[in-house]
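Summary of structural features
Each chain, letter by letter, is given below.
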Amino acid sequence: MIVLGIESSCDETAAALVNDKKEILGEALLSQEEHKKFGGVVPEIAARSHLEHIDTILEECFAKTNLTLNDVDAIAASAGPGLIGGVVVGVMTAKALAISLNKPFVAVNHLEGHALSSRISNDVEFPYLLLLVSGGHCQILVVKDVDDYERLGTTIDDAVGEAFDKVAKMLQLGYPGGPIVEKMASIGDENRFSLPRPLLGSQDCNLSFSGLKTAVRKIVETYSPDGDISHAYIPKQDIADICASFQYAATDCLCRKLKKAITYFKQNYPAGKHIVVSGGVASNTYLRSKLQQLADNNGLDFAAPPIRFCTDNGVMVAWAGLERFKKGYTSSLDFKPRPRWPLDTHAPKAAGAGGVKA
Ligand code: KG4
Ligand code: ZN
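I will try to describe carefully the structure that is included in this document. Position numbers for residues start from 1 in each chain and track the written sequence from start to end. All chains are assigned letters beginning at A, and all ligands numbers beginning at 1, according to the order in which they are written. Local features in this predicted model are restricted to residues of pLDDT 70 or higher, and side-chain atom pairs are both shown and tallied only at a pLDDT of 80 or more, whereas totals for entire chains, interfaces and linings draw on every residue. Hydrogens and waters are ignored; side-chain quantities use all the structure's heavy atoms.

1. With respect to the site of ligand 1
In these notes, residues near a molecule or strand are those with any non-hydrogen atom within 4 Å of it. Taken together, 20 residues are adjacent to ligand 1, and Gly-135, Asp-165, Gly-178, Glu-182 and Asp-312 come closest. At 3.3 Å from an oxygen atom of ligand 1 is found a main-chain nitrogen or oxygen belonging to Gly-136. Here a polar contact is taken to be a pair of N or O atoms separated by no more than 3.5 Å, where protein atoms must pair a possible hydrogen donor with a possible acceptor and residues adjacent in sequence count only if both atoms sit in side chains. One of the backbone nitrogen or oxygen atoms of Gly-161 is found 3.1 Å away from an oxygen atom of ligand 1. Burial of ligand 1 by the protein chains amounts to 91% of its free accessible area of 560 Å². Counting residues per element, the ones that place at least two in the shell around ligand 1 are helix H3 (110–116), helix H5 (160–170) and helix H6 (177–185). Elements are defined by DSSP. Helices are runs of H or I of four residues or more, strands are runs of E of two residues or more, and each kind is numbered from the N terminus. Take the shell around ligand 1: its biggest share by element is four residues, from H6. Accessible areas in this description were obtained via Shrake-Rupley with a 1.4 Å probe; residue shielding takes into account the shown protein chains only.

2. What to know about the packing of helix H7 (residues 210–221) against helix H8 (residues 236–268)
Across the interface, H7 lies against H8 with an axial gap of 11 Å and an inter-helix angle of 165°. Here H7 is positioned roughly antiparallel relative to H8, judged by the angle of their axes. Judged by the twist between their axes, the crossing of H7 over H8 is right-handed. On the side of H7, the interface is formed by Leu-212, Val-216 and Ile-219, while H8 contributes Ile-242, Phe-246, Ala-249 and Ala-250. In terms of residue class, the contact of H7 with H8 is built from seven nonpolar, no polar and no charged. Lines fitted to C-alpha atoms define the axes here, with helix axes fitted over just the stretch in contact, and angles between the N-to-C directions of these axes take values from 0 to 180 degrees. Angles are sorted into four bins: roughly parallel if under 35 degrees, roughly antiparallel if over 145, roughly perpendicular if 65 to 115, and oblique for all others. Crossing handedness is defined as follows: a turn of the near helix away from the far one that is anticlockwise and smaller than a right angle gives a left-handed crossing, while the clockwise case is right-handed. The contact definition used throughout considers only heavy atoms, calling two residues in contact when any of these lie within 4.5 Å. For this classification, the nonpolar set comprises Ala, Val, Leu, Ile, Met, Phe, Trp, Tyr, Cys and Pro, the charged set comprises Asp, Glu, Lys and Arg, and every other residue, Gly included, is treated as polar.

3. Comments concerning the side chain of Ser-118
Its place among the elements puts Ser-118 in helix H4 (residues 118–121). Here's how the labels work: a residue is buried when its accessible area is under 20% of the maximum for its type, exposed when over 50%, partly exposed in between, all with a 1.4 Å probe on protein chains only. Here Ser-118 falls in the buried class, since its relative accessible area comes to 0%. Not counting the four nearest positions on each side in its chain, Ser-118 is found in contact with Val-124, Val-276, Val-277, Ala-303, Ala-304 and Pro-305.

4. Quick notes on helix H2 (residues 84–101)
In a helix, the anticipated span is given by 1.5 Å times the number of residues less one. End to end, H2 covers 25 Å across 18 residues, agreeing with the expected 26 Å (1.5 Å per residue, within 8%). Buried residues of H2: Gly-86, Val-87, Val-89, Gly-90, Val-91, Thr-93, Ala-94, Lys-95, Leu-97, Ala-98 and Leu-101, and no others. On the buried face of H2, the contacting elements are strand S1 (2–7), helix H1 (43–63), strand S4 (74–78) and strand S5 (105–108). Taken from the residues just after H2, Asn-102 is the one with a positive phi, measuring 55°.

5. Observations regarding the nonpolar core
As used here, the term nonpolar core means buried Ala, Val, Leu, Ile, Met, Phe, Trp, Tyr and Cys residues forming a set that is joined through side-chain atoms within 4.5 Å. Counting residues in each nonpolar core, the largest one holds 60 residues, and the members touching the most others are Phe-209 and Phe-246. Counting residues per element, this core draws most heavily on H8, at 15 residues. Not counting residues within four places of it along the chain, the set of residues in contact with Phe-209 comprises Cys-138, Thr-155, Asp-157, Asp-158, Ala-159, Val-160, Ala-163, Ala-250, Cys-253 and Leu-254. Residues Val-3, Ala-16, Val-108 and Leu-111 belong to the second largest nonpolar core, which totals 32 residues.

6. Brief notes about the state of the cysteines
We call a pair of cysteine sulfur atoms a disulfide when they lie within 2.5 Å. Tallied over the entire structure, the rule returns zero disulfides. In this structure Cys-10 is not part of a disulfide, and its nearest cysteine sulfur, from Cys-310, lies 16 Å away. As a non-bridged cysteine, Cys-205 has Cys-138 as the owner of its nearest cysteine sulfur, 11 Å distant.

7. A short note on the coordination of the zinc ion (ligand 2)
Coordination shells were defined by N, O and S atoms within 2.8 Å of each metal, extended to 3.2 Å for Na, K and Ca; water is absent from the atom set, which can make sites look incomplete. Protein-derived ligands of the zinc ion (ligand 2) are His-110 (NE2), His-114 (NE2) and Asp-312 (OD), with the metal-ligand distances lying across 2.0 to 2.1 Å. Here the donor residues for the zinc ion (ligand 2) map to a single chain with the spacing H-x3-H-x197-D. Here Asp-312 lies in the loop between strand S10 (301–303) and helix H10 (314–326) and His-114 lies in helix H3, a separation of 198 residues in the sequence.

8. Let's talk about the packing of H5 against H7
It is at 10 Å that the axes of H5 and H7 come closest, and there the two elements cross at 10°. When the axes of H5 and H7 are compared, the pair comes out roughly parallel. Where H5 approaches H7, its residues Lys-166, Val-167 and Met-170 are matched on the opposing element by Lys-213, Val-216, Arg-217 and Val-220. Considered class by class, the residues forming the contact of H5 with H7 number four nonpolar, no polar and three charged.

9. A look at the pairing of strand S2 (residues 12–19)
Among the eight residues of S2, eight are classified as buried, and the element is accordingly described as predominantly covered. Residues Glu-12, Ala-14, Ala-16 and Val-18 line one face of S2 and the alternating positions Thr-13, Ala-15, Leu-17 and Asn-19 line the opposite face, and both faces are buried. A pair of strands is labelled paired if DSSP reports no fewer than 2 bridges between them. Pairing between S1 and S2: six bridges, direction antiparallel. Residue pairing in the sheet places Val-3 in a bridge with Val-18 of S2. Counting the residues in the hairpin turn of S1 and S2 gives four residues. Pairing between S2 and strand S3 (residues 24–31): seven bridges, direction antiparallel. Directly across from Ala-15, in S3, lies its bridge partner Ala-28. If you look at the hairpin formed by S2 and S3, you'll find four residues sitting between the two strands, and Lys-22 has a positive phi there, around 65°.

So this is what it looks like as structure tokens:
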């Protein structure tokens, strides 16, 4: 069984071919550089760029294989949540291929792509506890099965990746912020600045990062002669110390809420063995090492996708598409892309497809 997956929900145009033996048969990815000068993704530019590059990306994906479109059993695309202009490009491309080849179309929730991505390279069985941390989302979930999630907590304001990006912007480190903040943090002192841990006292598993971001802004302001952060001059070591202190605080918030979630998970899902992290922020090696410790201390195994499959890519969409297709969860051709699509709601399925109907 071979599935083609298309990703275009944010600023990566990507495609991949995977089979049910967990082999990645072909893969192509373009990270849009156009947004760098704006310090964040510009939706209109992103949509145009997806449209311009999607055909070439598909050609590139197949060019590295000896496969043709006829060898594919189903065509999957990220159908939301995301920037709607980009999502439409991927979904329309997938639907057009599905119609012309007379093959099934599978609408994939982008978050399900991240959620299942660990299962390609690791032996992770359902149910597992998932920390999903990306530029747009920050959630703690139990993955009970394909299309079956229990959400234990979510951010009430910024996503953690967004906080990394905003801190990088304040420090004029460029976009995307995560990788450069992590790099600077590696030479910084994480105890130099004391930063808040918002929502720590709450009994639930919800998170908040906007107070943490504001606290960093207040520190940056002290380096500016007139309080305007764009006039701040910050010595390199101080930048590194701010990054390290921020990364420590953000990771600490995630780990402490995850600790609460572990207690719930163990009580309610005694068969569960894994803590999994996924999404762009999961490429952060500091976070990965803290999660490994947390898992060790709680008698669970830790799993994460290889670093290159943490940020958006076609493989995760193809894989989630394959897992859905195997269960009979195909989508109808009038499936409407969804700018918002919580993971703990069931996706509409094509008539006759297995599973629960929304
Ligand atoms: O999953 P992703 O590629 O796109 C979304 O679905 O949002 O995640 C992108 C996010 C960005 O906010 C980026 O700064 C963050 O992941 N990120 C990181 C690292 N690499 C990417 N955050 C922290 N440390 C990293 N090494
Ligand atoms: Zn993503």
